[in-house]
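Architecture and fold: a report
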Amino acid sequence: MLVEKQYIGKNQINGVNRCYYILKKNDLYGIEIIEEYDSKLLSASEYFTSNYESADRLARLLYKGCVTLVTFIEILDDYVSMEQFAV
């Protein structure tokens, strides 16, 4: 399976590097956050929309807000709920 990644940005806080990406697989878009601790990588990714603009908007908000893996899924759930009611 091929996944297309678009790099959004990188933050470093307390010695932890975080990289943010928009993902594209078939007709779905998602976000991936990768955290680097010493020589270890941890990542979380989730596909949540068929709308590129929505994925781009959220990825940039996560990057600017320095969102961590611990809070990523909760923020994504809130964002998707808000998008559904914004119609």
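Residues numbered from 1 in each chain as written. Predicted model: local features only at pLDDT ≥ 70, side-chain atom pairs only at ≥ 80, totals over all residues. Heavy atoms only, no water.

Moving on: the environment of glutamate 74. Tracing the chain through its elements places glutamate 74 in helix H2 (residues 69-85). C-alpha separation for the pair glutamate 74 and arginine 18, spaced 56 residues apart in sequence, amounts to 17 Å. (Helix = DSSP H or I, 4+ residues; strand = E, 2+ residues; numbered from the N terminus.)

So, on to the packing of aromatic side chains. A complete count under the given rule lists 4 aromatic pairs for this structure. Here the aromatic rings of tyrosine 20 and tyrosine 63 are separated by 5.8 Å at their centres, their planes lie at 65°, and the arrangement is edge-to-face. Separated by 43 residues along the polypeptide, tyrosine 20 in strand E2 (residues 16-25) and tyrosine 63 in helix H1 (residues 52-64) bring together distant segments of the chain. A relative accessible area of 26% means that tyrosine 63 is categorised as partly exposed. Both rings, one in phenylalanine 48 and one in tyrosine 79, keep their centres 6.3 Å apart while their planes meet at 85°; by these two values the pair is edge-to-face. A residue pair is termed long-range when its members are at least 10 positions apart, and phenylalanine 48 in strand E4 (residues 40-49) and tyrosine 79 in helix H2 qualify at 31 residues. The ring of tyrosine 21 carries the charged tip of lysine 5 above its face, separated from the ring centre by 5.1 Å. In this structure, lysine 25 is placed above the aromatic ring of tyrosine 47, and the distance from its NZ or CZ to the ring centre is 4.7 Å. (Phe/Tyr/Trp six-rings, centres within 6.5 Å; stacked < 30°, edge-to-face > 60°. Buried < 20%, exposed > 50% of the residue type's maximum accessible area, 1.4 Å probe, protein only. Lys NZ or Arg CZ within 6 Å of the ring centre and 35° of its normal.)

Tracing the chain through its elements places valine 80 in helix H2. Residue valine 80 is classed as partly exposed on the basis of its relative accessible area of 24%.

Relative to the 18 Å expected for 13 residues at 1.5 Å per residue, H1 spans 18 Å between its end C-alpha atoms, a close match to the ideal helical length. Of the positions making up H1, those classed as buried are Ser54, Ala55, Asp56, Leu58, Ala59 and Leu62. Looking at the buried positions of H1, the neighbouring elements they touch are strand E1 (4-13), E2, strand E3 (28-37), E4 and H2. The opening residue of H1, the one whose side-chain oxygen lies 2.8 Å from the backbone nitrogen of glutamate 53, is asparagine 51. (Expected span 1.5 Å × (residues − 1). Contact = heavy atoms within 4.5 Å. Polar contact = N/O pair within 3.5 Å; in protein donor to acceptor, adjacent residues only side chain to side chain.)

Residues Ile22, Ile31, Ile33, Phe48, Leu58, Leu62 and Phe72 are the most contacted members of the largest nonpolar core, which totals 17 residues. Broken down by secondary-structure element, the contributors of at least two residues to this core are E2, E3, E4, H1 and H2. The residues contacting leucine 62, other than those within four sequence positions of it, are Tyr20, Ile31, Ile33, Val67, Phe72 and Ile75. (Core = buried A, V, L, I, M, F, W, Y, C linked by side-chain atoms within 4.5 Å.)

The end-to-end C-alpha distance of H2, which contains 17 residues, comes to 25 Å, matching closely the 24 Å that a straight helix rising 1.5 Å per residue would cover. Tucked into the core, H2 has its buried residues touching E3, E4 and H1.

Turning next to the pairing of E4. As judged from the 9 bridges shared by E3 and E4, these two strands associate in the antiparallel manner. Each residue of the ladder has a partner; that of glutamate 32, found in E4, is serine 45. Linking E3 to E4, which pair antiparallel, is a turn of 2 residues; within it aspartate 38 sits at a positive phi near 50°. (Pairing = 2+ DSSP bridges.)

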